Amino acid sequence: MDTETMAAETRAKRPIRWHVGVFLAPAVLVYTAFMILPLFGTLQLSLFRNIEQSQVFVGFGNFRTLFGDPNWSVNFWNALRNNVWFFIIHMLVQNPIGILLAALLSSPRLRFTAFYRTAIFVPTILSFVIVGFAWKLILSPIWGVAPHLMDFVGLKSFFTPWLGKEQYALTALSLVSVWQFVGIPMMLIYAALLSIPDEVIEAAECDGVTGMAQFWKIKLPLILPSIGIISILTFVGNFNAFDLIYTAQGALAGPNYSTDILGTFLYRAFFGFQLQVGDPNMGAAIATIMFLIILAGVCVYLFLVQTRLRRYQF
Amino acid sequence: MSTATRSLPRTIGAHAILITYTVIALFPVILVVMNSFKSRAGIFGAPLTPPTPKTFDLIGYTTVFGQGDFFHYFQNSLVVTVLSLFFVLLFGAMAAFALSEYRFRGNTLMGLYLALGIMIPIRLGTVAILQLMVATGLVNTLAALILVYTAQGLPLAIFILSEFMKQVSDDLKNAGRIDGLSEYTIFFRLVLPLVRPAMATVAVFTMIPIWNDLWFPLILAPSEETKTVTLGAQLFLGQFVTNWNAILAALSLAILPVLILYVIFSRQLIRGITSGAVK
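Computed from a prediction, not measured in an experiment: that's the story for all the values here.

J.: Just checking my understanding: could you explain the overall build of chain A for this structure?
T.: In terms of helices and strands, chain A carries 14 helices and four strands. A globule of 314 residues ought to have a C-alpha radius of gyration of about 20 Å, yet chain A, at 25 Å, is considerably larger. Along the longest, intermediate and shortest principal axes, the C-alpha atoms of chain A span 75 × 65 × 30 Å. When each of the 314 residues of chain A is scored for burial, the buried share is 41%. Restricting the contact set of chain A to residue pairs at least 6 apart, pairs at least 24 apart contribute 68%.

J.: Which parts of the structure should I look at to understand the interface of chain A and chain B?
T.: A common way to state how big an interface is: give the accessible area lost once the parts meet. If you look at the interface, chain A gives 67 residues, while chain B gives 69 residues. Its residues assigned to classes, the side of chain A that touches chain B shows 50 nonpolar, 12 polar and five charged.

J.: I tried to follow the UniProt feature "transmembrane region" (unreviewed entry) in chain B on my own but got confused; where do I start?
T.: Residue and element names in this part refer to chain B. The sites that carry the UniProt feature "transmembrane region" (unreviewed entry) are, in the present numbering, residues 12-34, 78-99, 111-135, 141-165, 186-211 and 244-265. Secondary structure content for residues 111-135 is 76% helix and 0% strand, while the C-alpha to C-alpha distance between its ends is 30 Å. Across residues 244-265, helical content stands at 100% and strand content at 0%; the span's end C-alpha atoms are separated by 32 Å.

J.: Would you mind going over the UniProt feature "transmembrane region" (unreviewed entry) in chain A with me for this structure?
T.: Residues and elements named next belong to chain A. Those residues carrying the UniProt feature "transmembrane region" (unreviewed entry) are residues 20-40, 84-106, 118-138, 168-193, 222-242 and 282-304 in this numbering. In the segment residues 118-138, helix accounts for 90% and strand for 0%; the C-alpha atoms at its two ends are 23 Å apart. Here residues 168-193 is 96% helix and 0% strand, with 36 Å between the C-alpha atoms at its ends.

J.: What am I meant to see in the domain arrangement of chain B here?
T.: Domain parsing of chain B yields domain 1 (2-62) and domain 2 (68-239). Relative to domain 2 of chain B, the C-alpha centre of domain 1 of chain B lies at a distance of 36 Å.

J.: Explain the environment of B:Phe37 to me, please; I cannot follow it from the model alone.
T.: Residue and element names in this part refer to chain B. Tracing the backbone shows Phe37 in the loop between α1 (2-35) and α2 (40-45). Measuring from C-alpha to C-alpha, the distance between Phe37 and Phe56 comes to 5.7 Å, with 19 residues separating the pair along the chain. In this structure Phe37 touches Pro51, Phe56 and Leu58, once residues within four positions along its chain are discounted.

The rules behind the values
Residues numbered from 1 in each chain as written. Chains lettered and ligands numbered in written order. Predicted model: local features only at pLDDT ≥ 70, side-chain atom pairs only at ≥ 80, totals over all residues. Helix = DSSP H or I, 4+ residues; strand = E, 2+ residues; numbered from the N terminus. Rg over C-alpha atoms; globule rule 2.2 N^0.38 Å. Buried ≥ 20, exposed ≤ 12 C-beta atoms within 10 Å, placed from the backbone. Contact = placed C-beta atoms within 7 Å. Nonpolar A, V, L, I, M, F, W, Y, C, P; charged D, E, K, R; others polar. UniProt positions renumbered as here; feature names shortened; annotations may be inferred. Domains from an automatic or database assignment.

This is how it looks when you write it as structure tokens:
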């Protein structure tokens, strides 16, 4: 008790600890100046409009245009719908495959796991430009690699130039993106599976719970927090995506806007394309909507998936 | 011992699935690199076979080196990535040290504030970032990219590093204080060397998105002098849509440096990701 009060007194008397500020300042300054302020600046810009060379406050006018003016709203809802589909494909294909691969990798005494891990993660480190173009070439009917491969399994008649058809292009690109990023859920789930204590597994084995039953009843519930994390990472990544579509289909997200997602829509609104001039305020309005969507997703995650983020360091 | 008898078919099954997926993951990469060393006839005649003496041709590479200023783009990417990485690691480690070492008013709040950027992508602030860069005259400079990427990398770096710095023994730091070392010396001489493995992990996580980014080079620095290799490759590929040799060579050139770095650092990267598990 006595020593505590003494400690408190010395702390109170201690001069200002400048070094704390020195340690924090560079990071806080750069982060605030180039991340936080622009983010709020963008939110603010979405409430203004450029009328006769000056910024005029229009309240939610830009959003009314975005939702109500058919010139904008058709594209906006199309981009949003596509983005939701993009996300659904990731959740239904990428994450289950990732979990399956992680479950296989973590099986005890399996050999070559380091090789598999390294190899399956390779696409994730590649740039979107490489991935987009490489797949564009592979799926191209001119080169004929895809039909050639499908011929091996007798499916050649199913081949069509997927990226060029409105009804398939978005799904095809989503699957390319899944191909690229499957390594991330695989690694995170793998880490979670390794962290399950041996005693739990041994106890399950003593009770006769093995194999598939063990995975579904013991391991899956224990890795649910990690599945929550990969879901929110997928959500944020998908609603922020741009590069792959831009590389493979260009800013117009063809054919006929069928692969347009919010990122490419934002880019076109902000920079303009063909005859339409760029409009920073409308760009800001779209960025604001994306911000709200991502924020909503993160909130749902934080409130519903009661989990401790920090333990998994992601 | 019944597990031993049951596990053979299961092991074979596991290997079969893993090998299948490994092939799916590597096939496009191998296909591109393989065909980049072939003549046009070889690329279209037999895309799935490795280059033979008959189809071997370096025409694609000569076109790329003759046309695009790839060496220059490569240099830009290197400067941007290395400097951003340096600032992220230095500033991130300093802030992480302050947050994990000192108790001060607003510590938790500051931690949350800095963690905000992990979930909210910096890209959403692009409109205002561009205005800021125009106002400060930084458009079309590498400095613009470096500043943005530093801000982008900091949140995750601080988050991971402060977890690791909490594990550095207090006795060591207090021993240093008793010996009269300043707080700065304690940080640079005692703590930094101890968290070096964590720094390497953060470095890999920070480096890959910066090297691969297309969005900010496209918007903040699209001029010829400041193009990064990703943007350069993108434009080059757009120009040469019909020259398959050149495209495949350019793609291979873009793949190889990253692939080599990855093979060198993959152990570090994977250990970093799975470190939550290794207790």
